[in-house]
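Listed here are the chains, written in short residue letters.
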Amino acid sequence: MKNYFIALNPSHENTAWSKAAEDVEFFLSQMGFHPIPVQRFLAGMESCLAETLPADEDGILLLQYPKILFEDFNFDWFLHCMRVHFPQYRLVALIHDLDSIRFGDFFTTGRIAEISTLNQFDFLIAVNDSMKTVLERHGALPRIYSMSLFDYTLKSGCRRVRHKTPTIAFAGNLKYEAFLYQLDKIDWKGTVLHLYGPNLNTQKWKPSAGCRFCGEFPPDELPDAVTDSFGLCWEGNSLDGCHGKIAEYLKYTNSHKTSFYLALGLPVILCEQMPTAAFIKRKHAGIVISSLHELPDAVNSLSEEDYQGLHKNCLRLSHKLRHGCFLGNVILQVMRDMQNCSSSA
């Protein structure tokens, strides 16, 4: 068995859009997968595949979806060539996003437009159980696996020793976070929220004693810039729960912020509506709240001993995230099922 993935063109955005895809490629390479640069397909789909895939072997060819659609890549012709010339290879789609839910009309029509495309794969990897369930309910036919969390590479920033301070990080693309412009309504009670990321609307932003903007950092520099004791996961247009279209979509995906904070060893504070909340509760790796008005008391009520308990559990998860364990476990399941199917055929 020889396994491959299509390597995407590098991106230079300071957002999770590029970081998540690059980390997937890194960990796949660590697992022995061979990259096929997407640019190679431009010279000819059939010739690229014929030169790359051994005709006398089988294996996995993994694509990151829908990111592959943003490349200059003939997706339909690729699927045709694989079915006709390389049927012994199993196609796997790792699904980062479902744009018909994220940007489309799913919440009014209940339709997932991607199903017909995803049904042309042999195996699907969903980012969590909620995405897996919604795909199954709407007609996805391939076997679907749940990854739980995105793994996260770090060159630095993970600290074995942290102590409780009343500081909380919020890191990410600030463009869509309407709740940020209401933070002056919170009684911060000595706690401080630090914002890190691009696209803050400084004209709408209202600085306060409990909230400070720390700037934008490249992904490799951000871990060292975040020196806070907690990490906040929140989305949408409200301080009281996660509301709005993007917030509703997060019921079916994972906030990449969660992986970032846990990789650093930071206990996570997140909205109870997020699917990751159950995971964080189960692992005792953070605090779940229903309103941002609860955040100051949630932080202030923790003792140093309480904090160290959370931090210790986060370090366990950090080790797994930084070594690709969540993706690795799913890939092992896919390979095991492929072998079982072959032996029973």
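In this text the structure is predicted, and so the values were computed from the model without any measurement.

About the thresholds
- Residues numbered from 1 in each chain as written.
- Predicted model: local features only at pLDDT ≥ 70, side-chain atom pairs only at ≥ 80, totals over all residues.
- Heavy atoms only, no water.
- Helix = DSSP H or I, 4+ residues; strand = E, 2+ residues; numbered from the N terminus.
- Buried < 20%, exposed > 50% of the residue type's maximum accessible area, 1.4 Å probe, protein only.
- Contact = heavy atoms within 4.5 Å.
- Lys, Arg positive; Asp, Glu negative; His and termini not counted.
- Charge placed at Lys NZ, Arg CZ, Asp CG, Glu CD.
- Phe/Tyr/Trp six-rings, centres within 6.5 Å; stacked < 30°, edge-to-face > 60°.
- Lys NZ or Arg CZ within 6 Å of the ring centre and 35° of its normal.
- Pairing = 2+ DSSP bridges.
- Axes fitted to C-alpha atoms, helices over the stretch in contact; angles between N-to-C directions.
- Disulfide = S-S within 2.5 Å.
- Arc of directions from axis to C-beta.

Caption draft 1: Focus on the overall build of the protein. Secondary structure assignment for the protein yields 14 helices and twelve strands. On the principal axes, the C-alpha backbone points of the protein span a range of 65 × 40 × 35 Å. Looking at the protein as a whole, 53% of its 345 residues are labelled buried. At a minimum sequence separation of 6, the contacts of the protein that also span at least 24 residues come to 74%. Averaged over its 33 positive side-chain charges, the protein has a centre that lies 5 Å from the centre of its 38 negative ones.

Caption draft 2: Local environment of the packing of aromatic side chains. One pass over the full model with this rule turns up 16 aromatic pairs. Geometrically, the ring pair formed by Y65 and F75 is tilted, given 6.4 Å between the ring centres and 45° between the ring planes. With Y65 in strand β3 (residues 59-65) and F75 in helix α3 (residues 75-85), the pair connects residues that are ten residues apart, well separated along the chain. Its relative accessible area of 5% is what places Y65 among the buried residues. Given a relative accessible area of 9%, F75 falls into the buried group. Every member of this aromatic cluster is reached through a ring pair, and the members are F41, F73 and F78. Directly above the aromatic system of Y152 lies the positively charged group of K19, at a separation of 4.6 Å from the ring centroid. Above the face of the Y181 ring, K204 is positioned so that its terminal group lies 4.6 Å from the ring centre.

Caption draft 3: Layout of the sheet that holds strand β9 (residues 211-213). Here six strands make up an open sheet; going across it, the order is β9-β8-β7-β10-β11-β12 and the pairing parallel. Two strands lie at the open edges of the sheet, namely β9 and β12 (286-289), each paired on one side alone. The mean inter-strand angle of the sheet, taken between neighbouring strand axes irrespective of direction, is 25°. Strand contacts of helix α11 (residues 276-283): β11 (268-271) and β12, with the helix running at about 140° to β11, the strand carrying the most contacts.

Caption draft 4: Spotlight on the environment of A93. Among the structural elements, A93 can be located in strand β4 (residues 89-95). For the pair A93 and M274, spaced 181 residues apart in sequence, the C-alpha to C-alpha distance is 24 Å. Here A93 is in contact with L63, Y65, L118, F121, F123, L124 and I125, once residues within four sequence places are set aside.

Caption draft 5: Fine view of unusual backbone geometry. Note the cis peptide between Y65 and P66, where omega equals 5°. As for its placement among the helices and strands, P66 is situated in the loop between β3 and α3. With a phi angle near 50°, K189 is a residue other than glycine that sits in the positive phi range. Following the sequence through the fold, K189 ends up in the loop between β7 (167-171) and β8 (192-196). Overall, the relative accessible area of 43% leaves K189 in the partly exposed class. At N199, a position not held by glycine, the phi torsion is positive, near 75°. Assignment of secondary structure puts N199 in the loop between β8 and β9. By relative accessible area, N199 is classed as partly exposed at 44%.

Caption draft 6: Here's a closer look at the state of the cysteines. Applying the stated criterion across every chain yields a total of zero disulfides. Free of any disulfide, C242 has its nearest cysteine sulfur in C271, 3.4 Å distant. Residue class for C242 comes out buried when judged on its relative accessible area of 4%. Cysteine C314 is unpaired, with the sulfur of C158 as its nearest cysteine sulfur at 9.9 Å.

Caption draft 7: Main features of the pairing of strand β1 (residues 4-7). Side-chain alternation along β1 places Y4 and I6 on one buried face and F5 and A7 on a second face that is also buried. Note that β1 and strand β2 (residues 34-37) share four bridges and pair parallel. The residue of β2 that forms the bridge with A7 is P37. Here β1 runs beside β3; their pairing, made up of two bridges, is parallel. Looking across to β3, one finds that Y4 is bridged to L61.

Caption draft 8: Representation of α3. When we look at burial in α3, the residues that qualify are F75, F78, L79, C81 and M82. Projected down its long axis, α3 carries its buried residues within an arc of 160°, all on one side. Those residues of α3 that are buried are in contact with β1, α2 (45-52), β3, β4 and α6 (115-118).

Caption draft 9: Local environment of α11. All buried positions along α11 are accounted for by T276, A277, F279 and I280. Buried residues of α11 fall within an arc of 160° about the axis and therefore sit on the same side. Facing away from the buried side of α11, by more than 90 degrees, are the exposed residues K281 and R282.

Read these as spatial facts, not as claims about activity.
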